[in-house]
Amino acid sequence: MAQSDVLLTAERAPQTVPVCELPRKVYDVERNTGAYTSAGLATAGFRAAKYLTDEWFQNCYARYHQAFADRDQSERRRHESQQLAAETEALARRTQEDSTRRVGERLQDIHCWKSELQRQIEELVTETDLLLADKLRLERALDATALPYSIAMDNLQCRERRQHPDLVRDCVEEAELTRNIQELLKRTLMQAVNQIRLNREHKETCEMDWSDKVEAYNVDETCSRYHNQSTEVQFHPHSAVLEESASTPETWARFSRDNLYRADRERQASVNLRQLIDCILRDTSEDLRLQCNAVNLAFEHRCEELEDVRLKLEHHLLKTLREITDQEHNIGTLKQAIKDKEAPLKVAQTRLYQRSRRPNVELCRDAAQFRLVSEVEELNTSLTALKEKLLEAEQSLQNLEDTRMSLEKDIAVKTNSLFIDRQKCMVHRAHYPTVLRLAGYQ
């Protein structure tokens with residue numbers, strides 16, 4: 001009989017028949033020694049037709065013993081079967097109750113996740129609509145920057161005659177600011193488009209997860225209503241086999257949690273983007289209007305900066321010429337220092353060479369040998385440092401020469417730029433769009 005998977009914890013039922021010792025069996029059988037007995041070889045292996053009295057009693061005792069043993073075993077098995085049936089019935093009832101309870105808990109979990117997903121979907125829809133409105137504002141503001149850009153290009157034509165490196169993108173050139181604002185608005189518009197796409201993708205992901213949760217909820221709700229008297233139940237022998245692709249409670253919860261996390265992250269990113277769009281539109285509109293009013297003043301300020309830079313360049317040129325002279329003297333000093341280290345290095349290396357020719361055991365690593373080795377290392381280190389410093393000094397001298405030429409050229413360029421800004425770059429400015437139009441409200 002196959003071993004039962006049910007663990008029997010109750011004590012066995014007591015036997016009805018008390019245990020007692022059986023009568024001792026007598027195996028000493030009397031031999032046939034009478035006058036009519038046959039002890040010859042012809043009757044070897046055969047017995048007489050009649051049994052002895054002791055054999056008859058022995059056979060009866062054997063029947064008693066066998067009957068007693070069979071009854072005892074049958075009664076024991078009967079009690080074990082009754083006990084097993086009761087225990088399996090209780091186990092089946094507890095298992096079904098626990099399964100029903102767990103299905104109910106599962107329904108609560110699914111309902112919780114389904115509610116969270118539905119809430120997240122509604123929030124994403126609302127957030128996407130708000131972001132679409134801000135996207136329209138961005139498009140209007142981008143169109144409004146075309147007029148300031150065309151006005152700024154007129155200013156650039158007068159300043160294109162400046163020489164390098166005064167062809168800078170300074171505060172006077174508002175066209176650069178306008179281009180930067182246009183690029184910023186374009187990038188922000190692309191971010192809004194991408195964010196709208198991400199919001200819709202995560203909304204679809206949450207909707208698919210929500211749809212699966214609804215279907216699973218309906219299935220588990222149907223399962224929770226099944227009981228032993230249900231007419232819809234039937235045998236499904238292979239239903240207890242778990243699918244390899246089935247998820248675990250941890251992966252199931254993590255899947256929805258990740259969907260909610262990603263959706264909430266994108267929703268929060270959309271909120272932050274809308275705040276950023278509002279700040280950008282407000283700041284850019286104010287910046288363009290402020291620059292429209294400040295460009296004329298910036299021309300004068302730029303001329304003051306050019307005059308100040310030219311004076312400073314002349315001052316730095318004078319200091320550079322002095323530094324070139326000092327650096328040339330420094331290079332001569334370094335070369336002499338390198339030359340002065342050659343004689344001590346020759347002495348130390350010659351000593352080491354001569355001492356390496358000592359015979360046999362006299363070739364000893366004594367204190368003098370170690371000191372000579374360290375002396376050579378120190379001299380080599382000093383020479384290396386001096387040579388590196390010499391290279392640095394020569395490079396510094398070359399840099400100073402280049403700086404001198406650059407300063408002289410810059411002084412000439414600044415003089416030319418001052419003439420262009422003061423005499424050529426005073427242009428009328430007007431017809432800038434309003435702040436509301438630049439902010440995308442019109």
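Source: prediction; values computed, not measured.

## As for the overall build of the protein
Move 1: Along its length, the protein carries 7 helices and 0 strands.
Move 2: In the protein, the order of α-helices and β-strands from amino to carboxyl end is α-α-α-α-α-α-α.
Move 3: Taken across its 442 residues, the protein has 27% of its residues classed as buried.
Move 4: In the form shown here, the protein has an accessible surface area of approximately 31,400 Å², with 54% of it arising from carbon and sulfur atoms.

## Quick notes on the nonpolar core
Generally speaking, soluble globular proteins have nonpolar side chains that are buried together.
Move 1: Counting residues in each nonpolar core, the largest one holds 19 residues, and the members touching the most others are Leu138, Leu185, Ile277 and Leu281.
Move 2: Of all the secondary-structure elements, those providing two or more residues to this core are helix H1 (53-144), helix H3 (174-224) and helix H4 (249-340).
Move 3: Examining the composition of this core, we find that 6 residues originate from one element, H4, more than from any other.
Move 4: Here isoleucine 277 is in contact with Leu131, Asp134, Leu138, Thr188 and Ala192, once residues within four sequence places are set aside.
Move 5: Counting 16 residues, the second-largest nonpolar core is a separate cluster that includes Leu345, Leu386, Leu390 and Leu397.

## Concerning the environment of serine 406
Move 1: Inspection of the secondary structure puts serine 406 in helix H6 (residues 367-423).
Move 2: Along the sequence, serine 406 and leucine 313 sit 93 residues apart, while their C-alpha atoms lie 9.8 Å from each other.

## Notes on the pattern of salt bridges
Move 1: In total, this model carries 24 salt bridges according to the counting rule given.
Move 2: Two residues, arginine 119 and glutamate 116, come together in a salt bridge whose shortest N-O distance is 2.7 Å. Residue arginine 119 and its partner glutamate 116 are located together in helix H1, separated by 3 residues, close to a single helical turn.
Move 3: On the basis of relative accessible area, arginine 119 is assigned to the partly exposed category, the value being 35%.
Move 4: In this structure, the salt-bridge partner of glutamate 123 is arginine 119, at a minimum N-O distance of 2.9 Å. Of this pair, glutamate 123 and arginine 119 both sit in helix H1, 4 residues apart, which is roughly one turn of the helix.
Move 5: Overall, the relative accessible area of 26% leaves glutamate 123 in the partly exposed class.
Move 6: Here the residues in one salt-bridge network are Glu116, Arg119, Glu123, Asp264 and Arg267, joined through shared partners.

## Re the confidence of the model for the protein
Move 1: Residues at a pLDDT of 70 or more form 86% of the protein, whose mean pLDDT is 81.
Move 2: Between residues 1-11, whose pLDDT stays under 50, and residues either more than four places distant or in other chains, the model counts 12 contacts.
Move 3: Per-residue pLDDT stays below 50 along residues 25-44; that stretch engages in 9 contacts with residues further than four places along the chain or on separate chains.

## So, the packing of aromatic side chains
Move 1: For the structure shown, the criterion picks out 2 aromatic pairs.
Move 2: Summarising the aromatic geometry, the rings of tryptophan 56 and phenylalanine 57 are spaced 4.8 Å apart at their centres and angled 75 degrees between planes, so their arrangement reads as edge-to-face.
Move 3: According to the relative accessible area criterion, phenylalanine 57 is partly exposed, its value standing at 40%.
Move 4: Residues tyrosine 61 and tyrosine 64 carry aromatic rings whose centres are separated by 6.1 Å and whose planes lie at 80 degrees to one another, so their mutual orientation is edge-to-face. Of this pair, tyrosine 61 and tyrosine 64 both sit in helix H1, 3 residues apart, roughly one helical turn.
Move 5: Given the relative accessible area of 53%, tyrosine 64 is considered exposed.

## A closer look at the packing of H1 against helix H2 (residues 146-159)
Move 1: Viewed as axis vectors pointing N to C, H1 and H2 meet at an angle of 25 degrees, and their least axial separation amounts to 4 Å. Between H1 and H2, the angle falls in the class roughly parallel. Here Leu142, Asp143 and Ala144 of H1 come into contact with H2, specifically with Ala146, Leu147 and Pro148.
Move 2: When the residues that make up the contact of H1 with H2 are grouped by side-chain class, the tally is 5 nonpolar, no polar and 1 charged.

## With respect to the side chain of histidine 202
Move 1: With respect to the helices and strands, the residue histidine 202 is situated in helix H3.
Move 2: A polar side-chain atom of histidine 202 sits 2.9 Å from the main-chain carbonyl oxygen of leucine 198.
Move 3: Those residues in contact with histidine 202 that lie beyond four places of it in its chain are Leu124, Arg262, Ala263 and Glu266.

## Thoughts on the packing of H1 against H3
Move 1: The geometry of H1 relative to H3 is characterised by a closest axis approach of 7 Å and an angle of 160 degrees between their N-to-C directions. In terms of orientation, H1 lies roughly antiparallel with respect to H3. The element H1 and its partner H3 pack so that their crossing is left-handed.
Move 2: Here the contact of H1 with H3 is composed, by residue class, of 23 nonpolar, 11 polar and 13 charged.

## Some thoughts on the side chain of arginine 159
Move 1: Within the element layout of this structure, arginine 159 appears in helix H2.
Move 2: At a separation of 3.0 Å, a polar atom in the side chain of arginine 159 contacts the side chain of aspartate 421.

Reading guide: rules and limits
- Residues numbered from 1 in each chain as written.
- Predicted model: local features only at pLDDT ≥ 70, side-chain atom pairs only at ≥ 80, totals over all residues.
- Heavy atoms only, no water.
- Helix = DSSP H or I, 4+ residues; strand = E, 2+ residues; numbered from the N terminus.
- Buried < 20%, exposed > 50% of the residue type's maximum accessible area, 1.4 Å probe, protein only.
- Areas by Shrake-Rupley, 256 points an atom, 1.4 Å probe, with all protein chains shown as cover.
- Core = buried A, V, L, I, M, F, W, Y, C linked by side-chain atoms within 4.5 Å.
- Contact = heavy atoms within 4.5 Å.
- Salt bridge = Lys/Arg side-chain N within 4 Å of Asp/Glu carboxyl O.
- pLDDT = per-residue confidence, 0-100.
- Phe/Tyr/Trp six-rings, centres within 6.5 Å; stacked < 30°, edge-to-face > 60°.
- Axes fitted to C-alpha atoms, helices over the stretch in contact; angles between N-to-C directions.
- Parallel < 35°, antiparallel > 145°, perpendicular 65-115°, else oblique.
- Nonpolar A, V, L, I, M, F, W, Y, C, P; charged D, E, K, R; others polar.
- Polar contact = N/O pair within 3.5 Å; in protein donor to acceptor, adjacent residues only side chain to side chain.
- Left-handed = near helix turned anticlockwise from the far one by under 90°.

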